[in-house]
Amino acid sequence: MKNDSSESKLTEADSTGKFSLPAKTIPIIVHVSYLSYATSTVVCKDYKYLHISLIPDSLTLDEVVVKGQRPKLKLTEGGIQVNVTGTVLEKLGNAEDVLLHMPMIRKKGDEIDVFGKGAPTIYINGIEMRSDKELQQLKSTDIKDISLILNPGSQYDATSTSIILINTIRKKNPGLSVDVSGTYGKGRKHKDKAEMEADVNYTFKKLNWFGSMWVNNEGSLQDADIIQNAYDDNSSWAESIFMDNRNRNRNGHVMAGFNYLGDSSNGGMKYYLYIPMHNSISSMFNNDITVENTDYDQLINHTEGRTHPKVGHRMSSYYNLNFGKSNLKMDADFMHTGYDTNNDVNEQAKANDDRHLSTINSVRNTLFAFKMSLSAPLLGGKYYIGTEDTYTKRKDIYEEALGYVPTANGRFQQTSLAFFTGYTYDFDFLSLSASMRYENVNYTYKDATKTHKVFNNFFPSFSVDASIGQVGLNLSYTSKIARPSYRQLSNDVQYASMYSLMSGNPLLENTTIDDLSLIMGWNFIQFVLDYSSRHHDIIYYSYPMSGNPYVLMTTYKNIPHVSILAPTLVVSPQIGIWNPEITIGLIKQWIKRTEYFTGNFEKPIWAFEISNNFKTANGWLAVIDFNCQTKGNSQNTYFYKNVYDLSLNVSKSLCKDKVNIKFSVDDILNHNNDASTLYCPNVKLSESNRYYGRCATVTIRYTLNRQESKYKGTGAGSGEMNRL
């Protein structure tokens with residue numbers, strides 16, 4: 001405005017409606033626009049915080065047809081952002097459905113996975129997700145955008161190799177909203193699922209109250225052909241196994257919380273009560289054992305397992321304060337969970353005495369976590385500093401009364417103190433970021449012996465973002481760590497059969513990771529090139545027991561080094577009502593030769609995905625997805641079968657979007673089955689699995705004045721909760 005300057009800058013508000021604009025001189029004129037609201041123009045005469053209200057626009061357009069497309073993908077700092085509002089993605093159903101249509105994101109088993117990165121840490125409106133069911137409870141029409149950060153900075157836990165940020169549409173409608181849904185699915189044999197969910201949200205002035213209840217009952221089955229070969233200098237033996245598993249999982253929780261939404265500060269709290277519902281697994285094994293190609297034994301193993309969760313509690317609270325251009329955030333988390341698993345094992349053998357034994361595994365977890373961060377402008381850029389501290393306690397008891405495996409009484413205790421800081425400076429077409437995280441971890445494991453370790457680690461990260469014409473570029477480096485889970489560190493020896501045992505390894509070291517990523521984007525084309533160097537990576541390892549070579553022990557070991565290259569190409573054009581998204585990716589590893597790796601384990605794995613979305617003018621949406629993964633190596637495992645998956649879902653919204661009906665069929669080809677061989681110095685273990693994933697599902701959802709919870713906490717102790 002000064003000297004009649006015509007310089008202009010654009011920005012977007014975040015999910016809370018806040019935005020900022022850099023200005024070297026004042027006063028300036030600000031125009032604020034939002035769909036279906038009248039544009040507001042204000043003059044800013046100083047650098048103070050402003051509150052701007054928009055008035056609904058009374059203009060109504062009748063029979064107007066707008067042709068064109070809104071780009072779904074764009075590069076953001078350190079990753080890719082996908083717009084959901086105004087695209088076909090908002091009609092897919094829930095947040096999990098949307099994630100599975102994002103570049104590089106897929107589902108491995110029951111877990112969300114980022115291609116070449118592993119399991120991500122997921123945040124919804126800044127709140128760390130603690131259960132995958134939260135994705136199923138979040139409606140796709142309430143999502144504004146989703147960002148995938150491939151190299152997270154120091155403000156995130158050092159174990160987070162990728163981050164997914166989900167931002168919802170903030171609705172300020174006062175009053176009561178209700179959302180109720182039910183799902184039923186049926187597949188072959190034992191495959192079925194039923195789920196019920198209810199959400200309530202009430203807003204009055206600056207107070208927002210919310211609550212939900214969720215229960216599910218799901219059955220699954222798996223059978224497999226397993227061949228175990230073991231040998232030493234004097235002999236060799238083989239075990240052929242047919243396995244049949246039938247699982248029944250039941251889960252439920254109740255959640256309630258509140259938010260206070262002030263002009264310059266907000267805070268809130270939420271509480272989860274995990275309802276104990278027992279889960280079960282019934283397993284049958286038929287084993288044929290040969291020694292030097294001669295029949296040695298035949299074994300029938302029938303195992304009935306029951307898991308009885310204890311009443312679980314989790315409480316989260318947060319407080320955010322804006323003062324001037326600075327922001328203070330505080331988060332606190334508490335969690336206490338546990339379960340008891342009882343296995344009843346009956347074995348009938350020809351060459352050995354029959355066995356009937358029972359095992360009990362009792363686990364209790366407790367976690368306290370606190371996180372605080374301060375961000376403020378500094379020398380024309382943005383500076384932040386913070387701390388994240390956690391205290392973890394875990395009890396893991398494994399008992400078997402007849403002495404076939406030793407009783408274990410493991411006690412874990414860990415204290416973690418982390419400090420992080422970072423700085424970002426924006427130029428006209430370039431943005432530079434640098435950050436550092438320091439973690440002090442004090443870990444103790446007590447059983448028959450005591451293991452005590454202290455770790456002091458620094459994790460630097462650097463990022464460069466640039467825009468050259470229509471091409472966006474991001475180059476970033478991060479240092480990360482992968483800590484063994486508490487199950488991997490446990491000294492329990494768990495009984496599978498008289499010929500197979502499983503155990504953790506308390507001596508496992510942390511895996512340190514150096515990661516370098518390049519992201520390029522133009523229009524509807526995105527390319528990602530990721531290279532990671534992993535030191536002391538953790539692998540599965542199997543070996544014959546000393547004194548009884550016919551019994552195999554499966555555990556974990558560290559290997560010195562593995563390097564992984566993962567390029568990915570994503571093409572997502574829009575052609576009329578057809579919205580395809582094509583992804584081609586590759587994972588190629590190089591492993592340093594050790595006594596654990598005597599062969600070649602460097603065959604790459606290719607992945608191909610195509611998502612076809614068809615949206616009609618009368619509200620019908622059809623989605624056809626196909627993905628394929630080829631044979632190849634991962635660590636000391638060779639996947640020797642190509643995996644295919646074809647799925648379909650059709651949905652229709654009724655009654656002005658208050659009712660949505662969706663019909664879907666998963667794994668139409670019934671070919672989403674894997675097969676692999678694990679190679680160890682004296683053992684080769686091959687397993688071919690069949691999951692019978694084909695399942696037809698119907699979901700009905702009713703919404704009355706839908707509102708999202710406005711909880712703004714970012715959560716604390718993410719890495720520890722994932723390990724537990």
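Every value quoted in this text rests on a predicted model; they were computed, and no experiment measured them.

S.K.: Could you give me a rundown of the overall build of the protein chain, with the residues and numbers involved?
M.R.: Along the protein chain, the regular secondary structure elements total 4 helices and 40 strands. For the protein chain, the proportion of its 724 residues judged to be buried stands at 48%. Intrachain contacts of the protein chain at a sequence separation of at least 6 include 64% that bridge at least 24 residues. Summed over all atoms, the accessible surface of the protein chain reaches about 34700 Å², with 58% contributed by carbon and sulfur.

S.K.: Residues and numbers for the pairing of strand 38 (residues 675-680), please.
M.R.: Counting buried positions along strand 38 gives 5 out of 6 residues, so the element sits mostly inside the fold. As paired elements, strand 35 (residues 637-639) and strand 38 share 3 bridges and run antiparallel to each other. Counterpart to Tyr 638 in the pairing with strand 38 is Thr 677. Both strand 38 and strand 39 (residues 683-690) contribute to a ladder of 6 bridges, which runs antiparallel. Note on strand 39: the bridge partner recorded for Ala 675 is Ser 688. Here strand 38 folds back onto strand 39, and the loop between the two strands holds 2 residues.

S.K.: If you had to explain unusual backbone geometry to someone new, which residues and values would you point to?
M.R.: Located in the positive-phi region is Met 104, a residue other than glycine, with phi close to 70°. Of note, Met 104 is situated in the loop between helix 1 (95-99) and strand 5 (105-108). According to the relative accessible area criterion, Met 104 is buried, its value standing at 5%. Its identity as a non-glycine residue notwithstanding, Asn 523 has a phi of 55°, on the positive side. Its location among the elements puts Asn 523 in the loop between strand 28 (511-522) and strand 29 (525-545). You can call Asn 523 partly exposed: its relative accessible area is 42%.

S.K.: Can you tell me about the nonpolar core, naming the residues and giving the values?
M.R.: Core analysis: the biggest nonpolar cluster contains 39 residues, and Ile 146, Ile 164 and Ile 166 have the highest contact counts within it. The biggest single contributor to this core is strand 30 (residues 548-571), with 4 residues. When sequence neighbours within four positions are dropped, the list of residues in contact with Ile 164 reads Leu 99, Ile 105, Ile 112, Pro 120, Thr 121, Ile 122, Tyr 123, Ile 146, Ser 147 and Leu 148. Formed by 30 residues, the second largest nonpolar core is a distinct cluster that contains Tyr 499, Leu 501, Met 553 and Leu 685.

S.K.: Which residues make up the environment of Gly 585, and what values do they have?
M.R.: For Gly 585, the position within the fold is in strand 31 (residues 578-591). Each C-alpha atom, one on Gly 585 and one on Met 104, is 8.2 Å from the other, the two residues being 481 residues apart in sequence. Aside from chain neighbours lying at most four places away, what touches Gly 585 is Phe 115, Pro 567, Thr 568, Ile 605, Trp 606 and Ala 607.

S.K.: Describe the pattern of salt bridges, and please don't skip the residues or the numbers.
M.R.: Enumeration over the complete set of coordinates arrives at 21 salt bridges. For the salt bridge of Asp 97 with Lys 662, the shortest nitrogen-to-oxygen distance reads 2.7 Å. Linking Asp 97 in helix 1 with Lys 662 in strand 37 (residues 659-666), this pair joins segments that are 565 residues apart in sequence. One exposure class covers both Asp 97 and Lys 662, and it is buried. A salt bridge links Arg 690 to Asp 225; its shortest N-O distance comes to 3.2 Å. Taken together, the positions of Arg 690 in strand 39 and Asp 225 in strand 13 (residues 207-231) put the pair 465 residues apart, joining distant regions of the chain. Look at the salt bridges and you will find they share partners, linking Glu 388, Arg 437, Glu 439 and Arg 483 into a network.

S.K.: Tell me what's going on with the packing of aromatic side chains, and back it up with residues and numbers.
M.R.: As enumerated under the stated definition, the model contains 18 aromatic pairs in all. The interplanar angle of 25° and the centroid separation of 6.4 Å between the aromatic rings of Phe 462 and Tyr 477 together place this pair among those described as stacked. Highlighted residues: Phe 462 in strand 24 (residues 450-468) and Tyr 477 in strand 25 (residues 471-482), separated in sequence by 15 residues. What makes Tyr 477 partly exposed here is its relative accessible area of 24%. Both rings, one in Phe 626 and one in Tyr 644, keep their centres 6.4 Å apart while their planes meet at 25°; by these two values the pair is stacked. In this pair, Phe 626 sits in strand 33 (residues 620-629) while Tyr 644 sits in strand 36 (residues 643-654), placing the two residues 18 residues apart along the sequence. Judged by relative accessible area, Phe 626 falls into the partly exposed class, the value being 25%. Members of the aromatic cluster, connected to one another through ring pairs, are Trp 237, Tyr 296 and Tyr 550. Its guanidinium or amino end placed over the ring of Tyr 541, Lys 557 lies 5.1 Å from that ring's centre, counting from NZ or CZ.

S.K.: Explain the pairing of strand 9 (residues 143-149) to me, using residue names and the numbers behind them.
M.R.: Across the 7 residues of strand 9, 6 count as buried, placing the element largely inside the fold. The pairing of strand 4 (residues 79-83) with strand 9 spans 5 bridges and is classified as antiparallel. Residue pairing in the sheet places Ile 80 in a bridge with Leu 148 of strand 9.

S.K.: Could you give an account of the side chain of Ser 283, with specific residues and numbers?
M.R.: Relative to the helices and strands, Ser 283 is located in strand 16 (residues 279-291). Apart from the residues lying within four places of it in its own chain, the contact partners of Ser 283 are Asp 244, Asn 245, Asn 301, His 302 and Thr 303.

S.K.: Describe the sheet that holds strand 4, listing the residues and the values that go with them.
M.R.: Sheet architecture is open: 6 strands sit in the order 3-4-9-10-7-8, paired in mixed fashion. The open sheet has two edge strands, strand 3 (73-76) and strand 8 (127-128), and neither has a second partner.

S.K.: Describe the environment of Asn 208, naming the residues involved and giving the relevant values.
M.R.: Relative to the elements of secondary structure, Asn 208 occurs in strand 13. Spatially, the C-alpha atom of Asn 208 lies 6.5 Å from that of Tyr 260, the residues being 52 residues apart in sequence. Separated by 3.5 Å, the side chain of Asn 208 and the backbone oxygen of Tyr 202 make a polar contact.

S.K.: Let's hear about a nonpolar patch on the surface: which residues, and what values?
M.R.: On the surface, Ile 468, Val 471, Trp 522, Ile 525, Leu 569, Ile 584, Trp 606 and Phe 608 cluster together to form a nonpolar patch covering roughly 670 Å² of accessible area. Mapped onto the secondary structure, Trp 522 falls in strand 28. The exposure class of Trp 522 is partly exposed, given its relative accessible area of 37%.

S.K.: How would you summarise the confidence of the model for the protein chain if you had to cite specific residues and measurements?
M.R.: Across the protein chain, the average pLDDT comes to 85, with 89% of residues at or above 70. In this model residues 1-6 is a low-confidence stretch, pLDDT under 50, and it forms 7 contacts with partners more than four residues away in sequence or in other chains. This model gives residues 56-71 a pLDDT under 50, and the stretch forms 12 contacts once residues within four places in sequence are excluded.

S.K.: Give me the side chain of Arg 483: which residues, what numbers.
M.R.: Residue position: Arg 483 is located in the loop between strand 25 and helix 3 (486-489). Of the residues examined, Arg 483 reaches a relative accessible area of 14% and is grouped as buried. Looking at Arg 483, its side chain comes within polar contact range of the side chain of Glu 439, at 2.5 Å.

Thresholds applied
Residues numbered from 1 in each chain as written. Predicted model: local features only at pLDDT ≥ 70, side-chain atom pairs only at ≥ 80, totals over all residues. Heavy atoms only, no water. Helix = DSSP H or I, 4+ residues; strand = E, 2+ residues; numbered from the N terminus. Buried < 20%, exposed > 50% of the residue type's maximum accessible area, 1.4 Å probe, protein only. Contact = heavy atoms within 4.5 Å. Areas by Shrake-Rupley, 256 points an atom, 1.4 Å probe, with all protein chains shown as cover. Pairing = 2+ DSSP bridges. Core = buried A, V, L, I, M, F, W, Y, C linked by side-chain atoms within 4.5 Å. Salt bridge = Lys/Arg side-chain N within 4 Å of Asp/Glu carboxyl O. Phe/Tyr/Trp six-rings, centres within 6.5 Å; stacked < 30°, edge-to-face > 60°. Lys NZ or Arg CZ within 6 Å of the ring centre and 35° of its normal. Polar contact = N/O pair within 3.5 Å; in protein donor to acceptor, adjacent residues only side chain to side chain. Patch = residues over 30% accessible without salt bridge, like charges linked within 9 Å, V, L, I, M, F, W, Y side chains within 5 Å. pLDDT = per-residue confidence, 0-100.

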